[in-house]
Structure formats: C-alpha cells, structure tokens
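Report on the structure
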Amino acid sequence: MTGLLIGLLLGLGLFCLWWSWWPVEPRRIAPSGRVGPLTRLGDELGQAGYVSVTPGNVVTASLVAFVLVFLIFVASTRVAPVAVCFALIAGYGPIALVRMRARKRRSQLRNLWPDAVDNISSAVRAGLALPEALSQLAIRGPEELRPAFADFAEDYRTTGRFQECLDRLKERLSDPVGDRLIESLRIAREVGGSDLGRLLRTLSTFLREDARTRAELETRQGWTVNAARLATAAPWVVLAMLSFQRTSLAAYGTPVGVGVLAVGAAITVIAYRVMVRIGRLPEDERVLR
C-alpha cells in the first residue's frame, strides 16, 4: 500500500513537471463588436426612445402576439399551417416596430448631432468645464437630445462622478455618434490638451457632410427598399384574403400545402433580406459601447 502511494505521488510530480513546460494559452475574449440579439435589441430600444421598455418586454409581447394570432386563425380557418405563418408575422411585429422607430430616430438624430457638437464647442470656448458644457445641452441643445442630457446633469449634480455619468449617458443614448462624442470628451478630460475645440469643430463638419451624403443616397435608393416591402407583403396579403374562404385554404392543410408555405416563407425572407441589403445603406455600429 505504501509503495502504491509513493508511486502515485511520484507519477503526479512527474506529470506536474511535464505540464509546467507547456504555457497556458490566454483566454480569448470575444470582440466587443459581437453582441447578442438581446443586447442589440436593447440598443434599438434606447435609440427608439423606449427607455422604460426592456428587451424581455418586447420578447414577451412577441410571444403574446404569436399565441393570440395563432388561436384566432386556427379558430377561423381550421388550417394550422396558415395560422402558424400569420402568427410568425404577428410575433415579429413588435420587433419590427422597434427597429423601424429606431431607424427613423437615428435618421433624425443624425441631423441634430452637429448642432449639439457646436453647442459644446461654443461652451468650451466660453470657458465652461466639460460637465457644464454637457449639462447646458439640456436647455440649449436640440429638442430630441435634451432629456438624455438633463438626466446627465442630474446625475452629475448628485454624484459628481464625471466618468460614471458619461457611461450612463451612453446607455441612454445608445447611439454610435454619441459614443464617439462621449469617448472624445472622456479622453480630453483625462489627458487634457488645448485641441478639444479643434476636435469638436472637425467632428461637427464630418457629421454634417456624412448626414448630407447619406440623405442623398437614401433618397435615391429608397425605392428599392419600398419595392422589397411591397414584394414581400403581396403574397401574404393574398393568402390573408383567401382565409375568408375555408375551402380555398383546405389545400394548405396537406403535406404538399405545408411544403408550399415553408418554401414560400423561406424565399420571401431571403429575397427581402437580399433586396434590403442591396438598397439600404449600412448603419453605424456601436464599436465604443
């Protein structure tokens, strides 16, 4: 027994010596640009202005819409595959509403950020500190941005911690342009320097040129996105009209009918995504979250 114990200890020691020759690889951290769907949905809620709504609320609303529409169509048409199709469309409705609202509000804020940057630059040139320059946007800034900066001013008066208040401001805005501006101000606060005014003027000029160019491109390519939406909705509108005739929908209750619905849904989603990808300009991502 003693010999066996000594042998085990010797083997364990040799194994530890052998293992020490191989360095442990550092743990790989996923890039910050890769975010999950719930995080992305939370950003879109902030961009849409729905501050009090959480991603869980949206998911719950989608599930409720899915169940209600499914039960209604099953009770009215007696064809479960058709009910599933329209229930999926209804379940995606709350998410689509949030994304549409966020896209519209991002377009509005894109035209307002240059004025906000100009106000901060003017306040800095007038001798105000950075917290005061940001706080005055609650009164003199663009109307859409005032609530977020009013909350920042309240947080700074309460805590006096500039860095933490900037982090909360980023969460409220959830905007790529706001992230760049806040990080620029954070660096200026930490390292100091006399180039803050020049940086803000350069950023304001860049934002104006970007907004003007994007507006021109969106006007020219808007017909592609509208055509994609019309082509996507047309077959399902026809199917919804057929739902008033139970005899016409009976064929979709067969295996062949289920296959037709599945293939049609897949083709619709793929075609819509491709057309939208071609016609819509890429959105700025929050790389400085």
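Because the structure is a prediction, the values reported are computed rather than measured.

1. Looking at the overall build of the chain
Across its full length, the chain holds 12 helices and 0 strands. Along the chain, helices and strands appear, N-terminal first, in the series α-α-α-α-α-α-α-α-α-α-α-α. The buried share among the 289 residues of the chain stands at 31%. In the chain, 66% of the contacts between residues at least 6 apart in sequence involve partners at least 24 apart.

2. Let's talk about a nonpolar patch on the surface
A cluster of nonpolar side chains, Y50, V53, L97 and M100, forms an exposed patch at the surface whose accessible area comes to about 330 Å². Secondary-structure assignment places M100 in helix α4 (residues 80–125). A relative accessible area of 48% means that M100 is categorised as partly exposed.

3. With respect to the side chain of S62
You can see S62 is positioned in helix α3 (residues 55–77). The residues touching S62, leaving out its near neighbours within four places in the chain, are G91, P94 and I95.

4. Let's talk about unusual backbone geometry
In terms of backbone geometry, most residues other than glycine have negative phi values and most peptide bonds are trans. A positive phi angle, close to 60°, is found at R78, a residue other than glycine. If you trace the backbone, R78 turns up in the loop between α3 and α4. Overall, the relative accessible area of 63% leaves R78 in the exposed class.

5. Focus on helix α9 (residues 176–191)
Relative to the 22 Å expected for 16 residues at 1.5 Å per residue, α9 spans 23 Å between its end C-alpha atoms, a close match to the ideal helical length. Buried within α9 we find P176, V177, G178, D179, L181, I182, E183, S184, L185, R186 and A188. In this fold, the buried residues of α9 make contact with α2 (37–48), α4, α5 (130–135), α8 (162–173) and α10 (196–242).

6. Description of the nonpolar core
In this structure, W113, I120, L134, L181 and L185 are the most contacted members of the largest nonpolar core, which totals 28 residues. Elements represented by at least two residues in this core include exactly α4, α5, α7 (146–159), α8, α9 and α10. For this core, the element with the most residues is α4, which contributes 6 residues. Residues in contact with L181, not counting those within four places in the same chain, are W113, V117, I120, L200 and L203.

7. Examining the packing of α4 against α9
Put simply, α4 and α9 touch, their axes get as near as 11 Å, and they point 15° apart. Comparing the axis directions of α4 and α9 gives the class roughly parallel. Where α4 crosses over α9, the two elements pack in a sense that is right-handed. Side by side, α4 and α9 meet where W113, V117 and I120 of the first sit next to V177, G178, L181 and L185 of the second. Here the residues of the contact of α4 with α9 sort into 6 nonpolar, 1 polar and no charged.

8. With respect to the packing of α2 against α4
As a packed pair, α2 and α4 sit with axes 8 Å apart at the nearest point and diverge in direction by 55°. On the basis of their axis angle, the class for α2 and α4 is oblique. Relative to α4, the crossing made by α2 is left-handed. Contacts between α2 and α4 involve L41, E44, L45, G46, Q47 and A48 from the first element and V98, R99, R101, A102, R105 and R106 from the second. Its residues assigned to classes, the contact of α2 with α4 shows 5 nonpolar, 2 polar and 5 charged.

9. Quick word on the confidence of the model for the chain
Of the residues in the chain, 83% have a pLDDT of 70 or more, and the chain-wide mean is 80. The least confident element of the chain, judged by mean pLDDT, is helix α1 (residues 2–20) at 63; the most confident is α3 at 90.

10. Considering the packing of aromatic side chains
Inspection of the entire model under this criterion finds 5 aromatic pairs. Centroid distance F66 to F70: 6.4 Å. Interplanar angle 5°. Geometry classified as stacked. With F66 and F70 both in helix α3, this residue pair falls 4 residues apart, about one helical turn. Judged by relative accessible area, F66 falls into the partly exposed class, the value being 27%. With centroids separated by 6.3 Å and ring planes inclined at 90°, the aromatic side chains of Y156 and F162 adopt a geometry described as edge-to-face.

11. Description of the environment of F206
Residue placement: F206 occurs in helix α10. Judged by its relative accessible area of 45%, F206 falls in the partly exposed class. Spatially, the C-alpha atom of F206 lies 8.6 Å from that of P114, the residues being 92 residues apart in sequence.

12. Regarding α2
Taking 1.5 Å of rise per residue, 12 residues should cover 16 Å, and α2 covers 16 Å from first to last C-alpha, within 8% of that figure. Listing the buried residues of α2 in full gives L41, D43, E44, L45, G46, Q47 and A48. Looking at the packing, one finds that the buried side of α2 touches α3, α4, α8 and α9. Downstream of α2 by a residue or two, G49 has a phi angle that is positive, lying close to 90°.

Each value, and the rule that gives it
Residues numbered from 1 in each chain as written. Predicted model: local features only at pLDDT ≥ 70, side-chain atom pairs only at ≥ 80, totals over all residues. Heavy atoms only, no water. Helix = DSSP H or I, 4+ residues; strand = E, 2+ residues; numbered from the N terminus. Buried < 20%, exposed > 50% of the residue type's maximum accessible area, 1.4 Å probe, protein only. Contact = heavy atoms within 4.5 Å. Patch = residues over 30% accessible without salt bridge, like charges linked within 9 Å, V, L, I, M, F, W, Y side chains within 5 Å. Areas by Shrake-Rupley, 256 points an atom, 1.4 Å probe, with all protein chains shown as cover. Salt bridge = Lys/Arg side-chain N within 4 Å of Asp/Glu carboxyl O. Expected span 1.5 Å × (residues − 1). Core = buried A, V, L, I, M, F, W, Y, C linked by side-chain atoms within 4.5 Å. Axes fitted to C-alpha atoms, helices over the stretch in contact; angles between N-to-C directions. Parallel < 35°, antiparallel > 145°, perpendicular 65-115°, else oblique. Left-handed = near helix turned anticlockwise from the far one by under 90°. Nonpolar A, V, L, I, M, F, W, Y, C, P; charged D, E, K, R; others polar. pLDDT = per-residue confidence, 0-100. Phe/Tyr/Trp six-rings, centres within 6.5 Å; stacked < 30°, edge-to-face > 60°.

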